[in-house]
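Read off the chains here:
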Amino acid sequence: MNNDELNFYKRQINLPNFGLEGQEKLKNSKALVVGAGGLGSPAILYLSAAGVGKIGVCDFDKVEITNLHRQIIFDYEEVGKTKTQSAKKKINKFNPLINIEEISESVSPDNVENIISGYDVVLDCTDNFATKFLLHDACYLNKINLVQSSIYQFEGQLQVFRFAEDTGQGCYRCLWQNIPEEGCVGTCADAGVLGVVPGIFGTLQALETIKILLNWDGLVWNESLIFDLLSLNSRKIRWKKNVNCPLCGGNKIIKQINPGAYNRMKDFEISYKDVDLTKYKIVDIRESFERVEEFLKDDSLKIEHIPYSTLQNSLPNINNGDTYLFYCRSGRRTKELVGRLWKNNYKNTFSLKEGAEGISMILDSNKK
Ligand SMILES: [Zn+2]
């Protein structure tokens, strides 16, 4: 280690049980942060501050102005730039002694094993169940440690799986055998979030990662830390290893990453690649403050606006002679809404999987 490094990390090297040996361990470690959002931002900053030698940042999104109140790694001037590029730029300025690897992709069953390969720990900083289970199963099958957390409004939870040491102790599938339906829990965009909440949970993820890398004790197997930041009450919930678990139990059902098991497109979901806008009545269900795109000014598209906040306990008026295409930001709110419409037999309604970005892509490809 050079003098700059010794000085940068001096105050933690002085800690009991840390020393130069601990710092060397961190320098030789590799951590992957999946999702550079509210959880990922503080996690990346603190792992960088601690001197983790290589940090992978995986995110396909761009920085938006509505991100900034919680995604504190990004600056105002970075709005519109890719998140991975902006994160790398920030960390290079903050701690040039470590390396950031940019992975500007969305994690999918096809690429997940490739993306996590070679890392000592994966931090799951994503916000949807399908990706969480995908990362969990891939980490289990590839014996890579996983630090997982999720938040909802003021409450969050944290789990740690030291799969590199032992895959026989249990996993998250022991508790949740099947992936819960998306839409059970609101996303940040519809439920609202105070920036400091993911800030605390992302910081806890960095803490548990450092403990794993240093071989220190941390949150134990089959345990969730639940922390309500409004009341400041915390509790731990333990679960037992399930001998019939589909992933880690005796009779293994999940033996490899099977694409169909994670990207479950519903019958009513449709990808922008298969959409001819002229055949649909288009409805934007985002809230007014989210509607910023240029294409909204194009009156020929006849985009109707019905905010999702008005649709939670009611259905929109559907005209049976028309076919409807609903879109939101990420395709999640429309998935919930159109799911309800289909249950009420309105099968002439569809949810655009890629959200507003999908509309932009259709219009771009029409121009070419
Ligand atoms: Zn299990």
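Everything that follows concerns the structure shown earlier in this document.
In this report, the structure presented in the accompanying data block is examined. Keep in mind the model is a prediction, meaning the values are calculated, not measured.

As for the nonpolar core
Grouped together as the largest cluster of nonpolar side chains are 58 residues, with contacts concentrated most on V33, I44, V122 and L123. Top contributing element to this core by residue count: helix α9 (residues 196-213), with seven residues. With sequence-adjacent residues up to four places away left out, V122 is seen in contact with L32, V34, I116, L135, C139, I144 and L146. Counting residues in each nonpolar core, the second largest holds 18 residues, with V275, F326, C328 and V338 among its members.

Let's talk about the pairing of strand β7 (residues 223-228)
Pairing geometry for strand β6 (residues 155-161) and β7, over four bridges, is antiparallel. Paired with Q157 across the two strands is I226, which belongs to β7. In this sheet, strand β8 (residues 233-238) lies alongside β7 in antiparallel orientation, the contact comprising six bridges. When the bridges of β8 are listed, S224 appears paired with I237.

Topic: the sheet that holds strand β12 (residues 324-327)
Sheet architecture is open: five strands sit in the order β9-β13-β12-β10-β11, paired in parallel fashion. Strand pairing shows two members of the sheet lacking a second neighbour, β9 (269-270) and β11 (304-305), which therefore form its edges. Sheet topology note: the strand β10 (residues 281-284)/β12 ladder contains four bridges and is parallel. Its bridge partner being in β12, V283 is matched across the sheet by F326. Sheet contacts for helix α10 (residues 332-343): β9, β12 and β13 (349-352); angle to β13, the most-contacted strand, approximately 165°.

Remarks on helix α5 (residues 83-94)
Helix length check: α5, at 12 residues, gives a terminal C-alpha distance of 16 Å against a target of 16 Å (1.5 Å per residue), a fit within 8%. Those residues of α5 not exposed but buried are K83, T84, S86, A87, K88, K90 and I91. If you follow the buried residues of α5, they end up packed against α4 (40-50), β2 (54-58) and β3 (99-103).

Notes on the pairing of strand β4 (residues 121-124)
What you see with β4 is no split at all: V121 and L123 on one side and V122 and D124 on the other are buried throughout. When strand β1 (residues 30-34) meets β4, the two strands line up parallel, connected through four bridges. Bridge pairing in β4 links V34 to D124. As paired elements, β4 and strand β5 (residues 145-152) share four bridges and run parallel to each other. Note on β5: the bridge partner recorded for V121 is N145.

Brief notes about the sheet that holds β3
Within a sheet, adjacent strands bond to each other through the backbone by hydrogen bonds, running parallel or antiparallel. The eight strands lie next to each other as β3-β2-β1-β4-β5-β6-β7-β8, forming an open sheet whose pairing is mixed. Of all strands in the sheet, those bounded by a partner on one side alone are β3 and β8. Pairs of neighbouring strands in the sheet enclose a mean axial angle of 15°, with direction left out of account. Across five bridges, β2 lies against β3 in parallel orientation.

Cut-offs used in this document
Residues numbered from 1 in each chain as written. Predicted model: local features only at pLDDT ≥ 70, side-chain atom pairs only at ≥ 80, totals over all residues. Core = buried A, V, L, I, M, F, W, Y, C linked by C-beta atoms within 7 Å. Buried ≥ 20, exposed ≤ 12 C-beta atoms within 10 Å, placed from the backbone. Helix = DSSP H or I, 4+ residues; strand = E, 2+ residues; numbered from the N terminus. Contact = placed C-beta atoms within 7 Å. Pairing = 2+ DSSP bridges. Axes fitted to C-alpha atoms, helices over the stretch in contact; angles between N-to-C directions. Expected span 1.5 Å × (residues − 1).

Functional significance is not addressed by these values, which are geometric in nature.
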